[in-house]
Amino acid sequence: MKTIAPLTQRASWKSLEVHFEKIREVHLRDWFGQDPARGRVFGVEALGMYLDYSKNRIDQETLKHLFALADESGLRSAIEAMFRGDAINITENRAVLHTALRAPRDARVEVAGRNVIPDVYEVLDRMGGFCDRIRSGQWKGHAGKPIVNIINIGIGGSDLGPVMAYEALKSYSDRSLKFLFVSNVDGTDFAEAVEGLDPAETLFIVASKTFTTQETMTNAQTAKDWLLQGLGAGQEAVAKHFVAVSTNATKVSEFGIDTANMFGFWDWVGGRYSMDSAIGLSTMIAIGPANFHEMLTGFRQMDEHFRTAPWESNIPVLMALLGIWYNNFFQAASIAVLPYDQYLKRFPAYLQQLTMESNGKRVTLSGSYVDYDTGAVYWGEPGTNGQHSFYQLIHQGTRLIPCDFIAFCHSLNPVGRHHDLLMANVFAQAEALAFGKTLTEVRSEGTAEWLAPHREFDGNRPSNVLLLERLTPASLGKLVALYEHIVFAQGVIWNLDSFDQWGVELGKVLAQRIVPELESPEPLELRHDSSTNALIERYRATRKKG
Ligand code: F6P
């Protein structure tokens, strides 16, 4: 196998450093001035998705060096290794095969010599049957009533994907059913979710890959108590009101859920890459199996595009490389994702886990510390709300924040002029960020000299605009797979294990240690640092006072 040099020693990296010095001050106004066709040249269309990346601080030479970086980093063979099922999650010795979740029925993908595709479809088919029974009212609760409330209990990847997808595809959902999502260990989350609900009409989906996560198991137990108390029934009622999505059959049956009502997935599906596995059960109940399969088709099309398109027309690769360009050369620490569609309001929150739990790492695959920045902070809000909140900083602040604008040509709710107004804002924001408004222009409007600098927009603030036809299950699948592959490509270049998450462990362990210290009725000797001790003592004293 060819050895790959550490990132900052790669020839392409060094070329990028030299090139960066040459172009770092060039303004987008100049790039556009020099090339009137730029707006079309730096645009790419695939799968009904158009990416305008012309408002980035790049020229053809930048792209040439970035593509060389992708090659030198072994991106092509890394993609093949992932799709093939190699154990690329090295710290957990696991394959990374979320792409197998949406492979065609007749595909063959092997893990340890076993073709996993029949397993994937066995679960999908069982999910389909279950969804049909819930949606048709054939599935009855313990008291004989059909289910109308579906509550997904899960956290992280077992929550963010389901909530995001439900919100995104609400327009395709069965409106006679109510969907709620409980994730936080804060009892308020559960209490507010079940407020006013009839337990006899309520189904809980306990979604947890491990079935050991403190938050989820606590909420699941509270849900069980609420249900049995509300129904005045015994344990036998659980089977009609609880189903599980997990990889851990033993823990599922220990909890009292019949494993006949368990929908499995596998250790080769990472939590944050699982919304298209059985973790998407609530999504499938909401939108129906046919729409769910449409979504999987969208994922699959993006997988094929990522795997086969040349770098110049490969949307995930282009966006991944642009992200690296800003992160590592312009030192931009964050990326704003700005969907101009209200249905995508949870998309930035979903991306936070996908991107930051994946690439928020400082150790390379060979165990050495990096000497470059890795995962950017992803954040955002749907447009136009963000414009009246944090866009000030993006336009005139001291930090460079590259933006991904996401928009659709057709609205799912074509009300009056709303959609044209919405889209005018997307185009205007990208334009304003790139070109700004010079001091000369400000002065020419008669603005007082002292005020002019406040009203100047320096511009040269980069953005991508992703334009799709309309928000459908398939386009959502494409969008999610797009960002999954951006994360993957960046992880390969940064030489990280994008599929583990050791950084969440320490806090979990310490919390487990503190719980008995908060609950103990007896005075006890605390052995933490003085700050933690003082906080615990104050909490105990305040609780004692009532
Ligand atoms: O936050 C850590 C994490 O392990 C995530 O990666 C995962 O999505 C989440 O917890 C939930 O885990 P589980 O599905 O096992 O309950």
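Above this text you will find the structure in question.
Residues numbered from 1 in each chain as written. Predicted model: local features only at pLDDT ≥ 70, side-chain atom pairs only at ≥ 80, totals over all residues. Heavy atoms only, no water.

1. So, the site of the ligand
What counts, and what does not: One heavy atom suffices: a residue is near a molecule or strand as soon as one of its heavy atoms comes within 4 Å of it. Distance and chemistry together define a polar contact, namely a pair of N or O atoms within 3.5 Å, with one atom able to donate a hydrogen and the other to accept it when in protein, and with adjacent residues in sequence counting only for side-chain atoms on both sides. Surface exposure here means Shrake-Rupley accessible area, sampled with a 1.4 Å probe, where a residue is shielded only by the protein chains that are shown.
Residues in contact with the ligand amount to 13 residues; listed here are only the nearest, Gly-157, Ser-158, Ser-208, Thr-210 and Thr-213. In the environment of the ligand, an oxygen atom lies 2.7 Å from a nitrogen or oxygen atom belonging to the backbone of Gly-157. At a separation of 2.6 Å, an oxygen atom of the ligand approaches a polar side-chain atom of Ser-158. If the ligand stood free it would expose 390 Å²; the protein chains cover 86% of that surface.

2. Focus: the sheet that holds strand β13 (residues 463-468)
Let me state the cut-off plainly: Strand pairing follows a simple DSSP-based rule, namely that at least 2 bridges must link the two strands. In DSSP terms, a helix is any run of H or I states spanning at least four residues, a strand is any run of E spanning at least two, and both are numbered starting from the N terminus. An axis is simply a line fitted to the C-alpha atoms; with a helix, the fit covers only the stretch in contact. Between two such axes, the angle follows the N-to-C directions and lies from 0 to 180 degrees. Working rule for contacts: check all heavy atoms of both residues, and any pair within 4.5 Å makes them a contact.
Within the open sheet, the 6 strands sit side by side as β1-β2-β13-β12-β10-β11. Their pairing is mixed. The open sheet is flanked by β1 (43-46) and β11 (377-379), the only strands paired with a single partner. Averaged over all pairs of adjacent strands, the angle between strand axes in this sheet comes to 15°, irrespective of strand direction. Across the face of the sheet, helix α17 (residues 418-435) comes into contact with β12 (403-408) and β13 while running at roughly 155° to β12.

3. Things to note about the nonpolar core
Our working definition: Throughout, nonpolar core names a set of buried Ala, Val, Leu, Ile, Met, Phe, Trp, Tyr and Cys residues whose side chains join them through atoms within 4.5 Å. Burial status follows relative accessibility: with a 1.4 Å probe on protein chains alone, a residue under 20% of its type maximum counts as buried, one over 50% as exposed, and anything between as partly exposed.
Core analysis: the biggest nonpolar cluster contains 131 residues, and Ile-285, Phe-347, Leu-466, Leu-476 and Tyr-483 have the highest contact counts within it. Among the elements that take part in this core, helix α20 (residues 473-494) stands out by supplying 13 residues, more than any other. Among the nonpolar cores identified, the runner-up in size contains 26 residues, and Leu-180, Ala-193, Leu-228 and Val-252 belong to it.

4. Examining helix α7 (residues 160-168)
Burial runs high along α7: 9 of the 9 residues are buried. The set of residues buried in α7 consists of Leu-160, Gly-161, Pro-162, Val-163, Met-164, Ala-165, Tyr-166, Glu-167 and Ala-168. Structurally, α7 contributes buried residues whose contacts are with β5 (149-153), β6 (178-182), α12 (281-287), α15 (347-359) and α20.

5. Regarding the pattern of salt bridges
The condition is simple: Counted as salt bridges are all cases of a side-chain nitrogen of Lys or Arg within 4 Å of a carboxyl oxygen of Asp or Glu.
Within the structure shown, the criterion is met by 25 salt bridges. The residue Glu-92 makes a salt bridge to Arg-94 at a minimum N-O spacing of 3.7 Å. A relative accessible area of 24% means that Arg-94 is categorised as partly exposed. Lys-170 is paired through a salt bridge with Glu-167; the nearest N and O atoms lie 3.3 Å apart. Where salt bridges share partners, they join Arg-102, Asp-276, Asp-303 and Glu-484 into one cluster.

6. Description of the pairing of strand β2 (residues 49-52)
When β1 meets β2, the two strands line up antiparallel, connected through 4 bridges. Across the sheet, Gly-43 pairs through a bridge with Asp-52, a residue of β2. Where β1 folds back on β2, the antiparallel hairpin that results is connected by 2 residues, among which Leu-47 adopts a positive phi of roughly 55°. Strand direction decides the pairing type here: β2 and β13, joined by 4 bridges, are antiparallel. Each residue of the ladder has a partner; that of Asp-52, found in β13, is Val-465.

7. Some thoughts on the side chain of Asp-303
With respect to the helices and strands, the residue Asp-303 is situated in helix α13 (residues 289-308). Residue classification places Asp-303 among the buried residues on the basis of a relative accessible area of 3%. Those residues in contact with Asp-303 that sit more than four places away from it in its chain are Phe-83, Thr-99, Arg-102, Ala-481 and His-485.

8. Details of the packing of aromatic side chains
Inclusion rule: Here the aromatic set is Phe, Tyr and Trp, taking the six-membered ring for Trp, and pairing holds for ring centres within 6.5 Å; pairs whose planes are under 30 degrees apart are stacked, those over 60 apart are edge-to-face, and all others are tilted. Counting as a charge over the ring demands two things of the Lys NZ or Arg CZ atom: a distance within 6 Å of the ring centre and an angle within 35 degrees of the ring normal.
For the coordinates displayed, the defined rule picks out 29 aromatic pairs. Aromatic pair Phe-347 and Tyr-483: ring centres 5.7 Å apart, planes at 75°, arrangement edge-to-face. Taken together, the residues span a long stretch of sequence, with Phe-347 in helix α15 and Tyr-483 in helix α20 at a distance of 136 residues. Taken individually, Phe-347 and Tyr-483 each receive the classification buried, so the pair is uniform in this respect. A connected cluster of aromatic rings, assembled from ring pairs, spans Trp-13, Phe-20, Trp-325, Tyr-326, Phe-329, Phe-330 and Tyr-372. For Arg-38, the ring lying beneath its charged end belongs to Phe-42, and the centroid distance is 4.5 Å. Just above the ring of Phe-255 sits the side chain of Lys-224; from NZ or CZ to the centre is 4.3 Å.

Function cannot be inferred from these measures alone, as they are strictly geometric.
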